[in-house]
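Chain by chain, the residues:
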Amino acid sequence: MASDFLESLNDRYASEKMYKEMGEHFKANKEKALKLNEFLKEDSYGGLKELLERDAEKKKIANRFSFEEMGIDKKIECIFADLDFLDFAGAVVGRKIKKGEIKVKRFKHRDYTLLHDSDDVKPGIVFFFFICSGWNGEYGGEKVYLGGKQPLICMPEPNTFYLLKKQEGVREFVRYVNNLAGKNAFIIVEGKLE
Amino acid sequence: MELKEWIKVAWLEEKTIEDMNEEFNQNRPFKHVFITEFLKKEKAEELEKALKGEIFERKESDLFRFNQTYDLQDSDNAVILEFSEMLESKEFADFIGKIVGIDLGAGALDLFGSLYENTDYLLCHDDLLEDRKIAYLLYLSDLEEKDGGALTFLSDKNGEPGEVIKRYFPRFNGFMFFAVTSKSWHEVEEVIGNKKRYAIGGWLH
């Protein structure tokens, strides 16, 4: 019987052949980053979009961050904490992944994160997944990684997954979401994999 | 340099300086003063016109997004150079020094023009760098609540910024200055709409 992750994963990615191809792509990519569009099946992704409206706890320290943090929803946990998800990530990065730590953050107008002296700059494998109902680049909100060979800029896009091998010293921020976003919001499901 | 050629005479009187010194020391969340109608009207208008003729460069980082001139002390514009000379003078250092209660070195300053347009912002920081003692801003635009662009001051909570305590909307020819410390948390709120927020500012050392 297929797991929650395998039942949710878009069929186009769900084969050993594709796992191998993604692993080769990841290995060859200088930035050690993989981006997968339409990551989940349409109905699985649709089920997650209700999180865009759910109550969440505001987190703000003005010189470091402003966003809303959500509890780990069962649907999120079933996908991104599933052993088959860890196997998938391990197949791409080329080593065994034992566990992951997940956070779910919602960003809307006036939210951001900033670079800070206390940032975690240790190397490691990270992933993130965007949930939104369309997003325009003019709104801000891009997740930016600095300190690698070149900046990696990831604009929020619906149902889009990134897997990244962070090098030593690489730091990240989420650009301020400006007034052009109106009432639009996006969610980042993110985690460290060990 | 005669300060009264630039600054309204009323601000240069000893009693007014004493009052401003008291206000500077009492204002919270950290020491500051906002002086409205600071320069003589015609000087402020000349300065506005001159600043709008300067070249602005787009500046972007995690912390900010706005337009900034190069160092205005290198400007080719006679009005801006004269204004710069006034700020660099011993008389100006003494005038501000009396208000803030510390000795300021004549000529020790940075001077830049800034322009914030729709969606531009400067997020929370303390300005503390090198030997900056006083941050100053001369506003050359009027903005109100619906336009955004307020300068906000935040409290300090165990070494981190806390709540917004004061919000100042730019007023044409308003002069703001505040003490730079590890607790001088402030930000420029996002400009919303078509108003352009022009200012000249920098730090006194």
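Parameters and conventions
Residues numbered from 1 in each chain as written. Chains lettered and ligands numbered in written order. Predicted model: local features only at pLDDT ≥ 70, side-chain atom pairs only at ≥ 80, totals over all residues. Heavy atoms only, no water. Helix = DSSP H or I, 4+ residues; strand = E, 2+ residues; numbered from the N terminus. Rg over C-alpha atoms; globule rule 2.2 N^0.38 Å. Contact = heavy atoms within 4.5 Å. Areas by Shrake-Rupley, 256 points an atom, 1.4 Å probe, with all protein chains shown as cover. Lys, Arg positive; Asp, Glu negative; His and termini not counted. Charge placed at Lys NZ, Arg CZ, Asp CG, Glu CD. Core = buried A, V, L, I, M, F, W, Y, C linked by side-chain atoms within 4.5 Å. Buried < 20%, exposed > 50% of the residue type's maximum accessible area, 1.4 Å probe, protein only. pLDDT = per-residue confidence, 0-100. Pairing = 2+ DSSP bridges. Axes fitted to C-alpha atoms, helices over the stretch in contact; angles between N-to-C directions. Arc of directions from axis to C-beta. Polar contact = N/O pair within 3.5 Å; in protein donor to acceptor, adjacent residues only side chain to side chain. Disulfide = S-S within 2.5 Å. Parallel < 35°, antiparallel > 145°, perpendicular 65-115°, else oblique. Nonpolar A, V, L, I, M, F, W, Y, C, P; charged D, E, K, R; others polar. Phe/Tyr/Trp six-rings, centres within 6.5 Å; stacked < 30°, edge-to-face > 60°.

A. Examining the overall build of chain B more closely. Within chain B, the secondary structure is distributed over four helices and 11 strands. Taking 205 residues into account, the globule formula puts the C-alpha radius of gyration at 17 Å, and chain B, at 16 Å, falls close to it. Judged by the C-alpha coordinates and their principal axes, chain B covers about 40 × 40 × 30 Å. Considering only contacts in chain B between residues 6 or more positions apart, those separated by 24 or more positions represent 80%. Total accessible area on chain B is roughly 9300 Å²; 48% of this is exposed by carbon and sulfur atoms. If the 26 positive side-chain charges of chain B are averaged to one point and the 43 negative ones to another, these points end up 4 Å apart.

B. Looking closely at the nonpolar core. Of all hydrophobic cores here, the largest spans 39 residues; its most connected members are Leu39, Phe83, Phe92, Phe95 and Phe177 of chain B. Sorting the residues of this core by element identifies helix H1 (14–26), strand S1 (32–35), helix H2 (41–52), helix H3 (78–88), helix H4 (90–100), strand S6 (134–139), strand S9 (175–179) and strand S11 (197–204) of chain B as the ones contributing at least two each. Sort the elements by how many residues they give to this core and H4 of chain B lands first, with six residues. Residues within four places of Phe83 of chain B in sequence aside, it is in contact with Trp6, Leu39, Leu47, Leu111, Leu138 and Ile200 of chain B. Counting residues in hydrophobic clusters, the runner-up holds 36 residues, among them Phe80, Ile97, Val104 and Ile125 of chain A.

C. Fine view of the confidence of the model for chain B. Summarising the model, chain B shows a mean pLDDT of 96, and 100% of its residues fall at 70 or more. In the predicted assembly, ipTM is 0.95 and pTM is 0.95.

D. Expanded view of the pairing of S11 of chain B. Residues and elements named next belong to chain B. Burial analysis of S11 places eight of its eight residues in the buried class, the great majority of the element. Summarising the sheet, strand S4 (residues 112–116) and S11 pair through five bridges and their orientation is antiparallel. Bridge pairing links Ser114 to Ala199 in S11. Note that S6 and S11 share six bridges and pair antiparallel. The residue of S11 that forms the bridge with Ala135 is Trp203.

E. Examining the sheet that holds strand S10 (residues 171–174) of chain A more closely. All names here are of chain A. On the basis of which strands lie adjacent, the open sheet formed by three strands has the order S8-S7-S10 and antiparallel pairing. The sheet is open, and its two edges are formed by strand S8 (152–154) and S10, each paired on a single side. Ignoring which end each strand starts from, the neighbouring axes of this sheet average 15° apart. Bridge count between strand S7 (residues 143–146) and S8: three bridges; the pairing is antiparallel. Residue pairing across strands places Tyr145 opposite Leu152, the latter belonging to S8.

F. Molecular detail of the confidence of the model for chain A. Looking at chain A as a whole, the pLDDT averages 93, with 99% of positions reaching at least 70. Within chain A, the element-level pLDDT minimum falls on strand S4 (residues 100–107) of chain A, averaging 92, and the maximum on strand S5 (residues 112–113) of chain A, averaging 98.

G. Looking closely at the pairing of S4 of chain A. All names here are of chain A. Relative to S4, strand S3 (residues 65–70) runs antiparallel, the two being bridged by three bridges. Residue Glu69 lies in a different strand from S4, and its bridge partner there is Lys105. Across eight bridges, the pairing between S4 and strand S11 (residues 186–193) is antiparallel. Counterpart to Ile102 in the pairing with S11 is Gly191.

H. Fine view of H3 of chain B. Residues and elements named next belong to chain B. Within the sequence span of H3, burial applies to Ile80, Phe83, Ser84, Met86 and Leu87. Angular distribution of buried residues about the axis of H3 spans 155°; they occupy a single face of the element. Next to the buried residues of H3 lie H2, H4, S6 and S11. By the N-cap criterion, in which a side-chain oxygen at the helix start approaches the backbone nitrogen of a residue two or three places on, H3 is capped by Asn77, the distance to Val79 being 2.8 Å.

I. Up close: the state of the cysteines. What the rule picks out here adds up to zero disulfides over all chains. Free of any disulfide, Cys132 of chain A has its nearest cysteine sulfur in Cys154 of chain A, 13 Å distant.

J. Spotlight on the packing of H1 of chain B against H4 of chain B. Residue and element names in this part refer to chain B. In the contact formed by H1 and H4, the axes pass within 7 Å of each other and the chain directions differ by 50°. Taken as axis vectors, H1 and H4 run oblique relative to one another. Where H1 approaches H4, its residues Glu14, Ile17, Met20, Asn21 and Phe24 are matched on the opposing element by Phe95, Lys98, Ile99 and Val100. For the contact of H1 with H4, a count of residues per class yields six nonpolar, one polar and two charged.

K. Spotlight on the packing of aromatic side chains. Residues and elements named next belong to chain A. Enumeration over the complete set of coordinates arrives at 48 aromatic pairs over all chains. Where Phe39 meets Phe88, the ring centres are 5.7 Å apart and the plane angle is 50°; that geometry is what we call tilted. Linking Phe39 in the loop between strand S1 (33–36) and helix H3 (42–48) with Phe88 in helix H5 (residues 83–93), this pair joins segments that are 49 residues apart in sequence. Here the aromatic rings of Phe39 and Phe161 are separated by 4.2 Å at their centres, their planes lie at 10°, and the arrangement is stacked.

L. Just the environment of Glu13 of chain B, in detail. Residue and element names in this part refer to chain B. Tracing the chain through its elements places Glu13 in the segment before H1. Relative accessible area serves as the criterion here: at 45%, Glu13 is assigned to the partly exposed category. Residues Glu13 and Leu138, spaced 125 residues apart in sequence, show a C-alpha to C-alpha distance of 20 Å.

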